[in-house]
Amino acid sequence: MHETRPVDRFGSRAVLSHDAISIARVICILGVVYVHAWTGLGGHDLELARGTAQENLRWFLMEAFGRSAVPLLGLISGWLVAGSPRTRNWLAHVERKARTIVVPMIAWNVIALVLVCGTAWLFTLPAPTPPSVSWVLEEVFILTRNPDVNVQMPFLRDLFVCMVMAPMLLRMSGRSLALVIALAAAGQVFGFGAPLILRPAIVMFFGLGIAARRAGLAERAAAWPLGLAIAPFAVLLPVQLWLVMAPDMPRTGALIASFDLVMRVTASLFFWRLAWALAKSPARSLLLKIEPFAFLIFCGHLVFMWLAGPLLGQIFGKLGAPAYPVYLLLQPVMVLVCIVAIGRFLQWCAPGLAEMLSGGRLKARKPAAVSPLANAAPAEPVSPAHLG
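Residues numbered from 1 in each chain as written. Predicted model: local features only at pLDDT ≥ 70, side-chain atom pairs only at ≥ 80, totals over all residues. Heavy atoms only, no water.

A. The overall build of the chain, seen in detail. Per the secondary structure count, the chain includes 17 helices and 2 strands. Computed over its C-alpha atoms, the radius of gyration of the chain comes to 20 Å, within 12% of the 21 Å expected for a compact globule of 388 residues. Looking at the chain residue by residue over its 388 residues, the buried ones come to 53%. Within the chain, residue pairs in contact and separated by at least 24 positions form 77% of the contacts whose partners lie at least 6 positions apart. For the chain, the accessible surface area stands at approximately 17500 Å², while carbon and sulfur atoms represent 70% of it. Distance from the positive charge centre (32 side chains) to the negative charge centre (18 side chains) of the chain: 9 Å. (Helix = DSSP H or I, 4+ residues; strand = E, 2+ residues; numbered from the N terminus. Rg over C-alpha atoms; globule rule 2.2 N^0.38 Å. Buried < 20%, exposed > 50% of the residue type's maximum accessible area, 1.4 Å probe, protein only. Contact = heavy atoms within 4.5 Å. Areas by Shrake-Rupley, 256 points an atom, 1.4 Å probe, with all protein chains shown as cover. Lys, Arg positive; Asp, Glu negative; His and termini not counted. Charge placed at Lys NZ, Arg CZ, Asp CG, Glu CD.)

B. Representation of the nonpolar core. Leu72, Met153, Leu156, Phe206 and Trp272 are the most contacted members of the largest nonpolar core, which has 113 residues in total. Counting residues per element, this core draws most heavily on helix α1 (residues 13-35), which supplies 14 residues. Of all hydrophobic cores here, the second largest spans 13 residues; its members include Ala112, Val116, Trp135 and Val140. (Core = buried A, V, L, I, M, F, W, Y, C linked by side-chain atoms within 4.5 Å.)

C. Representation of the packing of helix α5 (residues 90-122) against helix α7 (residues 154-170) in the model. For the pair α5 and α7, the least separation of the axes is 10 Å and the interaxial angle reads 175 degrees. When the axis of α5 is compared with that of α7, the two are roughly antiparallel. Facing Trp90, His93, Val94, Lys97, Ala98, Ile101, Val102 and Met105 of α5, the residues of α7 in contact are Leu156, Arg157, Leu159, Phe160, Met163, Val164, Ala166 and Pro167. (Axes fitted to C-alpha atoms, helices over the stretch in contact; angles between N-to-C directions. Parallel < 35°, antiparallel > 145°, perpendicular 65-115°, else oblique.)

D. Geometry of the packing of helix α8 (residues 174-190) against helix α9 (residues 200-215). Interaxial distance between α8 and α9 falls to 7 Å at its minimum, and their mutual angle equals 155 degrees. Put simply, α8 runs roughly antiparallel to α9. Crossing geometry of α8 relative to α9 is assigned as left-handed. When α8 is examined against α9, the residues Gly174, Leu177, Val180, Ile181, Ala184, Ala185, Gly187 and Gln188 are found in contact with a partner set consisting of Pro200, Ala201, Val203, Met204, Gly207, Leu208, Ile210, Ala211 and Arg214. By residue class, the composition of the contact of α8 with α9 is 12 nonpolar, 4 polar and 1 charged. (Left-handed = near helix turned anticlockwise from the far one by under 90°. Nonpolar A, V, L, I, M, F, W, Y, C, P; charged D, E, K, R; others polar.)

E. Here's a closer look at unusual backbone geometry. Between Ala194 and Pro195 the backbone carries a cis peptide bond, its omega angle lying at 5 degrees. Note that Pro195 resides in the loop between α8 and α9.

F. A look at the packing of aromatic side chains. Summed over all chains, the structure comprises 11 aromatic pairs. Aromatic side chains Tyr324 and Tyr327 sit 6.1 Å apart centroid to centroid with 85 degrees between the ring planes, which places their arrangement in the edge-to-face category. Residue Tyr324 and its partner Tyr327 are both found in helix α15 (residues 324-349); the two are separated by 3 residues, about one turn of the helix. Relative accessible area serves as the criterion here: at 1%, Tyr324 is assigned to the buried category. Ring-pair connections join several aromatic residues into one group, and the members of that group are Trp38, Phe316, Tyr324 and Tyr327. Sitting over the ring of Trp59, Arg58 keeps its end group 5.7 Å from the ring centre. The side chain of Arg213 reaches across the aromatic face of Trp79, ending 3.9 Å from its centre. (Phe/Tyr/Trp six-rings, centres within 6.5 Å; stacked < 30°, edge-to-face > 60°. Lys NZ or Arg CZ within 6 Å of the ring centre and 35° of its normal.)

G. Fine view of the state of the cysteines. Overall, the coordinates contain 0 disulfides when judged by the stated rule. Cys299 takes part in no disulfide bond, and the closest cysteine sulfur to it belongs to Cys338, at a distance of 14 Å. (Disulfide = S-S within 2.5 Å.)

H. Structural context of the pattern of salt bridges. Scanning the model with the defined rule gives 12 salt bridges in all. Residue Arg284 is joined to Asp19 by a salt bridge in which the shortest nitrogen-to-oxygen separation is 2.9 Å. Residue Arg284 is located in helix α13 (residues 284-290), and its partner Asp19 is located in helix α1; the two are separated by 265 residues in the primary sequence. Classification of Asp19 as buried rests on a relative accessible area of 0%. Between Arg58 and Glu55 there is a salt bridge, with the nearest N and O atoms lying 2.9 Å from each other. Taken as a pair, Arg58 and Glu55 lie in helix α3 (residues 53-66) at a separation of 3 residues, close to a single helical turn. Note on Glu55: relative accessible area 1%, which makes it buried. Each member of the salt-bridge network shares a partner with another, and the members are Arg25, Glu291 and Arg361. (Salt bridge = Lys/Arg side-chain N within 4 Å of Asp/Glu carboxyl O.)

Take a look at the structure:
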């Protein structure tokens, strides 16, 4: 990677790379909001709605914008770790990742339980309430299963496991790393890996990120024409939509899971290339201003969906109502506005809490002005899980 070679008016290639990573985090995490969008319908009613125009729109948004989030963030994590010398001290590395991944994960899970389960207990919110102490422990620490409330958090849990293994993965030969990637892919396809890894695909993409760093694939892919990068995704997306939208199509099986993995790889390639294009566009400045709040959006958007979803649903209606498509399309924007406001408030009144809940991204504001590039290009490689 030629980090000192100037490429355009936005600065060196290293700065452009950091900008692209920051922008990729923003577009991926805003896209994942569509995966958890509020519909107002339960599982049975959603299945009955399959094939309707609004349900097809929801699936299109999920598959086109949401499914790339975890794969690309996992790839970026592996790519950054592979370039960081700080993994050589394993204990310090694990302590740092525990502070920036595990601690905020636990804190956000506690917040979700208090707000969501408390509202369900006090009022009529259709949400889980604690049936046992073991259920609460699983929800907070995500020990052996996916949680029922903060359903996005297994990514952080499994990413921390990847970070613990990172020094070992970095010392592996190319063949050994390829074997780990293949085993993780097999675990995702055939459903094994728990309770150590709840989503084996995260290990697969983390390993692919390390391999991409070794081979310089990130830089080469960034130089591809945008049309070439989108072509595989554009070809496979209609097939994926047909598989998930058709009422009589199977939802599980090795072939379905294998195709889904391939689909996620092509989506990651496209959104990585798109992030580089946006890093050289007028949208760059706005996206970089959003990036410090991306971790808060990832961790807090489910709380927003549980609490604000039904209230806003009284205005727009549930899935099937005439105004629901407007609500569906605007949900990432609504989450963004709400979370940024909360983040700025915490920065003002509780900067230590803001820094902890954001995985270190939202630090206390200093009186002196700071260059935008200083925020956009951190001095050292960091995990995209904590987004800073």
